[in-house]
Structure formats: C-alpha cells, structure tokens
Amino acid sequence: MSNKKEKKKKSVLMRVAVSFLAIAVVLGVGGFVALRVSGIGSGYDAAYEAAYNKAKDKAEKAVHVKNRISISLGNIRETANLRVLEVTDVVYIIENESDNDDGITAWLEVPGNGYFTVDLQTSEFLVDDERQEVVVRIPEPRLSDFTIDYTSVNRLEFYNSGANDSIKVGENMARKQCQKAYSELHSAFVSNPEYMKNAKKSAENILKNLIRQINPEVPDLKVIVEYQ
Amino acid sequence: MKLFRILFGGSSTAILVVVIMATVYAVSSISGGLIDSVGSAAGAINGAIEGAKAGREQGLSAEDTSASIDSKITEVGKLEVLTAGVSIKNMHSVGNNDSFGGEKYANLLIMKGNAIFTVDLTKATFDEPADGKLTITLPQPEMDLTFNEEETQILAERQNSFFDGSAEDGYIAYLNTLAKSQTEIKSVLANYDSLMEQARKSAETQLSYIVQQASLTDRELVIEFAEEGDESE
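Predicted model, so just to flag it, every value in this text is computed and none were measured. (Residues numbered from 1 in each chain as written. Chains lettered and ligands numbered in written order. Predicted model: local features only at pLDDT ≥ 70, side-chain atom pairs only at ≥ 80, totals over all residues. Heavy atoms only, no water.)

Engineer: Even after reading the chapter, I still don't get the overall build of chain A, so can you show me in this structure?
Structural biologist: A count of helices and strands for chain A gives four helices and seven strands. Mapped from its N terminus to its C terminus, chain A presents α and β elements in the order α-α-β-β-β-β-β-β-α-α-β. In terms of its C-alpha atoms, chain A occupies a principal-axis envelope of roughly 140 × 50 × 35 Å. Counting every position in chain A, which comprises 228 residues, the buried fraction comes to 38%. In the form shown here, chain A has an accessible surface area of approximately 13000 Å², with 53% of it arising from carbon and sulfur atoms. Averaging the positions of the 30 positive and the 32 negative side-chain charges in chain A gives two centres separated by 23 Å. (Helix = DSSP H or I, 4+ residues; strand = E, 2+ residues; numbered from the N terminus. Buried < 20%, exposed > 50% of the residue type's maximum accessible area, 1.4 Å probe, protein only. Areas by Shrake-Rupley, 256 points an atom, 1.4 Å probe, with all protein chains shown as cover. Lys, Arg positive; Asp, Glu negative; His and termini not counted. Charge placed at Lys NZ, Arg CZ, Asp CG, Glu CD.)

Engineer: So what exactly am I meant to see when it comes to the interface of chain A and chain B here?
Structural biologist: How big an interface is tends to be expressed through the accessible area that disappears when the partners come together. Taken together, the contacts link 106 residues of chain A with 110 residues of chain B. For Glu168(B), the salt bridge goes to Arg155(A), with nearest N and O atoms at 4.0 Å. Across the chain A-chain B interface, the total number found is 40 residue pairs in polar contact (both at pLDDT 80 or more). It is strand S1 (residues 65-95) of chain A that provides the largest number of residues to the side of chain A that touches chain B, a total of 27 residues. Of the residues that constitute the side of chain A that touches chain B, the class distribution is 53 nonpolar, 32 polar and 21 charged. (Contact = heavy atoms within 4.5 Å. Salt bridge = Lys/Arg side-chain N within 4 Å of Asp/Glu carboxyl O. Polar contact = N/O pair within 3.5 Å; in protein donor to acceptor, adjacent residues only side chain to side chain. Nonpolar A, V, L, I, M, F, W, Y, C, P; charged D, E, K, R; others polar.)

Engineer: How should I be thinking about the sheet that holds strand S7 (residues 220-225) of chain B in this particular structure?
Structural biologist: The strands that make up a sheet are held in pairs by hydrogen bonds between backbone atoms, and each pair lies either parallel or antiparallel. Residues and elements named next belong to chain B. Taken in spatial order, the three strands of this open sheet run S3-S4-S7, and their pairing is mixed. Each of the sheet's edge strands pairs with one partner strand only, and the pair in question is strand S3 (125-126) and S7. Strand contacts of helix H5 (residues 193-214): strand S4 (133-138) and S7, with the helix running at about 150° to S7, the strand carrying the most contacts. (Pairing = 2+ DSSP bridges. Axes fitted to C-alpha atoms, helices over the stretch in contact; angles between N-to-C directions.)

Engineer: Even after reading the chapter, I still don't get the confidence of the model for chain B, so can you show me in this structure?
Structural biologist: Interpretation of the predicted coordinates at a detailed level should be avoided for regions scoring low in pLDDT. With 76% of its residues at a pLDDT of at least 70, chain B reaches an overall mean of 82. Under the prediction, the complex receives an ipTM of 0.78, its pTM being 0.75. (pLDDT = per-residue confidence, 0-100.)

Engineer: Would you explain the nonpolar core in this entry?
Structural biologist: Soluble, globular proteins show a tendency: their nonpolar side chains are buried together. Among the nonpolar cores identified, the biggest contains 83 residues, and Val84(A), Leu120(A), Leu79(B), Phe117(B) and Leu138(B) are the most heavily contacted of them. Discounting residues that sit within four places of it in the chain, Leu79(B) has contacts with Ala80(A), Asn81(A), Leu82(A), Leu120(A), Phe117(B), Thr118(B), Val119(B), Leu121(B), Gln206(B) and Ile210(B). (Core = buried A, V, L, I, M, F, W, Y, C linked by side-chain atoms within 4.5 Å.)

Engineer: I tried to follow the pattern of salt bridges on my own but got confused; where do I start?
Structural biologist: Side chains that differ in charge, positive against negative, can pair when their charged atoms come close. Enumeration over the complete set of coordinates arrives at 13 salt bridges over all chains. Two residues, Glu140(A) and Lys200(A), come together in a salt bridge whose shortest N-O distance is 2.7 Å. A residue pair is termed long-range when its members are at least 10 positions apart, and Glu140(A) in the loop between strand S4 (133-138) and strand S5 (142-148) and Lys200(A) in helix H4 (residues 193-214) qualify at 60 residues. Linked by salt bridges that have partners in common, Arg83(A), Asp145(A), Glu80(B) and Asp144(B) make up one network.

Engineer: Is there a simple way to think about the sheet that holds strand S7 (residues 222-227) of chain A in this case?
Structural biologist: Residues and elements named next belong to chain A. Taking strand neighbours across the sheet as the criterion, the three strands line up as S3-S4-S7 in an open arrangement whose pairing is mixed. Sheet topology places strand S3 (124-128) and S7 at the edges, where each strand pairs with a single neighbour. The sheet shows a mean angle of 15° between the axes of neighbouring strands, taken without regard to direction. Inspection of the sheet shows S4 paired to S7 by six bridges, in the parallel sense.

Engineer: Where do I start with the packing of helix H3 (residues 167-191) of chain A against helix H4 (residues 167-190) of chain B in this structure?
Structural biologist: Between two packed helices, both the angle of their axes relative to each other and the distance between the axes serve to describe the pair. The N-to-C vectors of H3(A) and H4(B) enclose an angle of 45°; their axes lie 6 Å apart at closest approach. On the basis of the axis angle, H3(A) is oblique to H4(B). For H3(A) against H4(B), the interelement crossing comes out right-handed. Where H3(A) abuts H4(B), its residues Ile167(A), Val169(A), Gly170(A), Glu171(A), Met173(A), Ala174(A), Arg175(A), Gln177(A) and Cys178(A) lie against Ala167(B), Gly170(B), Tyr171(B), Ala173(B), Tyr174(B), Leu175(B) and Leu178(B). Within the contact of H3(A) with H4(B), the residues separate by chemical class into eleven nonpolar, three polar and two charged. (Parallel < 35°, antiparallel > 145°, perpendicular 65-115°, else oblique. Left-handed = near helix turned anticlockwise from the far one by under 90°.)

Engineer: I would appreciate a short explanation of the packing of H4(A) against H5(B) in the present structure.
Structural biologist: Taken N-terminus to C-terminus, the directions of H4(A) and H5(B) make an angle of 80°; their axes are 10 Å apart at the nearest point. One finds that H4(A) runs roughly perpendicular with respect to H5(B). Each of Leu210(A), Ile211(A) and Ile214(A) in H4(A) lies in contact with H5(B), whose residues at this interface are Ile210(B), Val211(B) and Ala214(B).

Engineer: Please explain the packing of aromatic side chains as it appears in this structure.
Structural biologist: How two aromatic rings sit relative to each other is given by the distance of their centres and the angle of their planes. All names here are of chain A. Following the criterion strictly, the structure yields seven aromatic pairs over all chains and no others. Their ring planes at 20° and their centres at 6.0 Å tell us that Tyr 48 and Tyr 52 sit as a pair that is stacked. Here Tyr 48 pairs with Tyr 52, and both are found in helix H2 (residues 42-62), just four residues apart, close to one helical turn. Judged by its relative accessible area of 53%, Tyr 48 is exposed. Classification of Tyr 52 as partly exposed rests on a relative accessible area of 45%. Ring geometry for Phe 146 and Phe 189: centres 5.5 Å apart, planes at 85°, overall edge-to-face. One end of the pair, Phe 146, is in strand S5; the other, Phe 189, is in helix H3, and 43 residues separate them in sequence. (Phe/Tyr/Trp six-rings, centres within 6.5 Å; stacked < 30°, edge-to-face > 60°.)

Engineer: Before we go on, may I ask you to explain H5(B) in this structure?
Structural biologist: Since the α-helix turns once every 3.6 residues, residues separated by three or four places project in the same direction. For H5(B), with 22 residues, the first-to-last C-alpha span of 31 Å sits near the 32 Å given by 1.5 Å per residue. Leu195(B), Met196(B), Ala199(B), Arg200(B), Ser202(B), Ala203(B), Gln206(B), Leu207(B), Ile210(B), Val211(B) and Ala214(B) are the residues of H5(B) that are buried. (Expected span 1.5 Å × (residues − 1).)

Okay, here's the thing in structure tokens:
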C-alpha cells in the first residue's frame, strides 16, 4: 500500500515538473514572438535613448575640441595679379610604425591647390593705332597662391601598435604630416614644366580675350603677348 | 478532461499549475517592467545579430568604391585686387578631465596666411560703347584664404598626463581643427565689410588702369558691380 502511494506521489511530481517546463516553454516562445511582433515593448526605446544620450554626452565631453581664434590683419595691399591657371593635386603622406618612436601607422591624403598668376602692374602695354595692334609684355607666370585644402584632407589609416600614447603625440603627428604635404605639393607645382607651359598658354588666351573686350570697336584688333 | 487528467493527474496538481500561471501573468502584467526588460535585452540581442549579419554583407559588397581625378589644371581669369596678410592665434584644447580638472591637452597655435580678394573677369560684362562711354559690370569680389603651413608653429603646449586621451584622438582633433578654422576664418573675413569695400575700390582702380593702357580709343569708363546673386555663370 505504502509502495503504491510512493509511486503515485512520484508520478504526480513528475507531471508537475513536465507541466511547469511546458508552461515555461510556452511562455518563453510566446513572449518572444509577442515582443518581436509588438515592437519589443516600450522599455526598449526608453532604455536605448537614455543609454545613448548618457554615453554620447560623456564621450563628447571627454574629447571636446575647443578653438578660440583671433585674427590679425596686416600688410594690406592693392594688387593686379591675373590668375591664369589653377592647379590641384593630391599627395599621400605615409608614416609607418617603423618611422616613429610611438609605433604609429598614419596614412594621410592631402589635396592642395595653387594659382599661377601674371603681375599686370609690372606689365607693359604698347598700343599701335595705325596697325590696330596691342602688344603686351608680361612677366612669366609664377605660383603665387598655394594652400592645402584642409576641408578635404582624408585620413586613410591610423593604427597605434604601442601604448595608447597621448593627445599630444597624435596632434604632433598630424602637424608633421601636414607640413610635409605642404612642402611636397609646393615642390610638385613649382617643378612641373607642364604647369608653366599651360600657364603661359592660358595667360595669352585670357589677355587676348580681355583686350579684345576692352576694344569692341576694333573687330580686327591684333593682340600680341610677349614675355619680358 | 481526460487529457487534462492524463497530463496533470489529480485536482491538486491542476490547482498548482493554475496558481503558477496566474502568478506569472500577474507579475508580468502588474509591473510591465519584466516585459520591458526582456524587450530591451531581446532588442539588443536581435539588433546585434541581425546588424552584424547585414553589416558584414554590406561591408564585403564593395559598394564603397569610388574614382576621382586628383590632379587637374583649369584656365581661370580672375584678377587679384587686394591681398591682406592674416595672422591667426588659436587657443586650442581637447577634452575635459573631471579627475584632474581642466583640459586633457591644450596648445597655443600660430598660423599665417593671406586673404586674397579677386574679381572674376570671365564673368564681367562689357557693354557696347555708347556716347563715348564704355561700361563694365564686374561680379562682386570673392575671397580665398591661404595658409602657409611652413609658418605654423606651437608657441606653448600642455598635456595633463602622458596617457590621458589617445594619440588617435589628438590626430583627428588637429585635422578637424584645421578644417574648421579654414572655413570659419574665411567666412569671417569674407563678411568683413571694410575689406570687401577696399577690394571693390581696388578692382575699379586696377581695371581702369588696364583699360586705359590697352585701349585704342579714348573714352569715359564706367565700372559697376553686379548685385549679389545677379551674376551670370
């Protein structure tokens, strides 16, 4: 009799356990499906937004970049430099881990642009009414304005294999690369004979057009551009 | 009922099951927090799994492929009429350090360059001379800003502690500072009325001189400036 009772008790407990498990499975699966269908509960968005804003504020504060700039102007002068050719180019400044003591790899793409100009203040204009001719003697074009386009500088790679280093190390690395890029771009612009050739050709075209526009009453005007 | 009996045995078991179900339901529906918590966790897990899968596919798709012309030359016809030397003092800092107070890094950066005002002669209009008068309408002067990187220097520099912040943060901060400075300074100078007025006057003087020198005919010259936004391309 006691054995039968014991057996029945075990059977009941087993059924309770199975039932409990079945309910848990049903609740779990059902809940999961319901959450997915319903947009996963109102707590999701609120929790996400709160965590996002808190993390964003903290991160922003940790690296907040502040610049207080004051500008001084000096040496203001009137000029008459005619821009005849714009040149643009890009240099790649490659700094590998082995190139510095900080174990930093930094590849930078730096675009720059410059203008070849002709100084019209030092140019001579010789007008011949009889021949209906204007001769312009100009100096050779020169690269007078040149700058890096900082808004288009592109970081291609940055990897720090060593310790995390410091902000100072990174700032100095960027400055060193910008200075190197400036120097390389400037040399490339000045030393390229094609640029000078095109600048001269362009100067002739622009001056001829300009002088013809100044003299619309003389349709057969002859304009000659010479270099001093 | 039979199935119920088979599954749950006696009535006491059935009552126990009902009590458990009711408790679970009551707890979840009264608080709502459990669902929300589960929802947050489920959202984060699902998002991470599906996002990673989508990101991997997108990352390997090579959609991010572009081609551009880096080097080019363009014929221009702008007359530089005014140049001003620009000296910039920038008090630059990165980060706030709550533990030690103050910035993580600060420097005093000096930069030099030029503000160059030009008028675009290719956009100028030359009217047909009438009554011995030639009228030239010029577009408004434009301003370009150049920096001489070789003259950039750090006058003073302070780093809180060597491992405060990262080299990459400093690298990005410096490059972004230059980009923002170039844009901001250009905007300030381009809207500096007295410089712009000097540029207009100089344009009149320089162009008058050129016209006078290169003209075969003596006539009166009138130089006007087009209204802003009224310049032909």
